[in-house]
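Examination of the molecular architecture
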Amino acid sequence: MNSGTMTHPFLAGLRPALLTELAEHAIAMHYPDDYRIFSESDPANRFWLIEDGTVALDLHVPGRGAQVFETIGPGTVLGWSWLFPPYRWQFGAVARGPVQAIEFGAEAVRERCARDPEFGYAILSRIVPVLGDRLRTARLRLLDLWGRP
């Protein structure tokens, strides 16, 4: 992808040279309604910047099946498990209506992060708040589920 077409909020403030490097690993993706983008415990080998549409994040709950704990939309990041061993998804993701996203190959981005501390810091400083938000949302959803009679 061309770095000039990448205007997602996740990329805001990224130095042009770093944006160009990241764009080398980007692919435009389109997912139809109800398409399972990934499943819990599958290999986490990609991540996405959501440009349009919504994605439901779910967890398997024994006896209840897949339970949606959050729905994310345009301007958000899908996926953080690609950064942390064992590189397995901690939740699942399903398109809720058509979704347009920018997909990145995780291995190439991880390798670039390891080689270039500035690049690595730029990526991590953008992913860590996403991780915090997802954990807070999951916690609130679990409290809601457990609080029911």
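Residues numbered from 1 in each chain as written. Predicted model: local features only at pLDDT ≥ 70, side-chain atom pairs only at ≥ 80, totals over all residues. Heavy atoms only, no water.

The secondary structure content of the protein chain amounts to three helices and six strands. Its helices and strands in sequence order give the protein chain the pattern α-β-β-β-β-β-β-α-α, from N to C terminus. In terms of overall dimensions, the protein chain is globule-like: its C-alpha atoms have a radius of gyration of 16 Å, near the 15 Å expected for 149 residues. Its C-alpha atoms give the protein chain principal-axis dimensions of roughly 55 × 30 × 25 Å. Buried positions account for 43% of the 149 residues belonging to the protein chain. (Helix = DSSP H or I, 4+ residues; strand = E, 2+ residues; numbered from the N terminus. Rg over C-alpha atoms; globule rule 2.2 N^0.38 Å. Buried < 20%, exposed > 50% of the residue type's maximum accessible area, 1.4 Å probe, protein only.)

Below, the discussion takes up the pattern of salt bridges. Evaluated as defined, the whole model comprises seven salt bridges. Close ionic contact of Asp 58 with Arg 36 constitutes a salt bridge, the shortest N to O distance being 2.7 Å. Highlighted residues: Asp 58 in strand β3 (residues 46-61) and Arg 36 in strand β2 (residues 36-38), separated in sequence by 22 residues. The partly exposed category is assigned to Arg 36, whose relative accessible area is 33%. Across the salt bridge formed by Asp 133 and Arg 136, the nearest N and O atoms sit 2.4 Å from each other. You can see Asp 133 and its partner Arg 136 sitting in helix α3 (residues 117-146), three residues apart, about one turn around the helix. Three or more residues are tied together by salt bridges with common partners; here these are Glu 21, Arg 112 and Asp 116. (Salt bridge = Lys/Arg side-chain N within 4 Å of Asp/Glu carboxyl O.)

Below, the discussion takes up the pairing of strand β4 (residues 65-72). Inspection of the sheet shows β3 paired to β4 by seven bridges, in the antiparallel sense. Directly across from Asp 58, in β4, lies its bridge partner Val 68. Following β3, the chain reverses through three residues before pairing antiparallel with β4; Gly 63 in that reversal takes a positive phi of roughly 85 degrees. (Pairing = 2+ DSSP bridges.)

Per-residue confidence for the protein chain gives a mean pLDDT of 89, with 95% of residues at or over 70. α3 is the least confidently modelled element of the protein chain, averaging 85 in pLDDT, while β2 averages 98, the highest of any element. (pLDDT = per-residue confidence, 0-100.)

So, about the pairing of strand β6 (residues 92-105). Most of β6 sits inside the fold, with ten of its 14 residues counted as buried. Judged from the six bridges that link them, strand β1 (residues 26-31) and β6 form a sheet pairing that is antiparallel. Residue pairing in the sheet places Met 29 in a bridge with Ala 101 of β6. Relative to β6, β2 runs antiparallel, the two being bridged by two bridges. Residue pairing across strands places Arg 36 opposite Val 94, the latter belonging to β6. In the sheet, β3 pairs with β6 via eleven bridges, with the strands oriented antiparallel. Looking at β6, one finds that Val 55 is bridged to Ala 95.

Let's shift gears to unusual backbone geometry. The step from Pro 85 to Pro 86 runs through a cis peptide bond, and the omega angle for that step is 10 degrees. Relative to the helices and strands, Pro 86 resides in the loop between β5 (77-78) and β6. Of note in the backbone geometry, Ser 41 takes a positive phi value of approximately 75 degrees without being a glycine. In this structure, Ser 41 sits in the loop between β2 and β3. For Ser 41, a relative accessible area of 45% translates into the label partly exposed. For Tyr 87, which is not glycine, the phi dihedral falls at a positive 60 degrees. In this fold, Tyr 87 is placed in the loop between β5 and β6.

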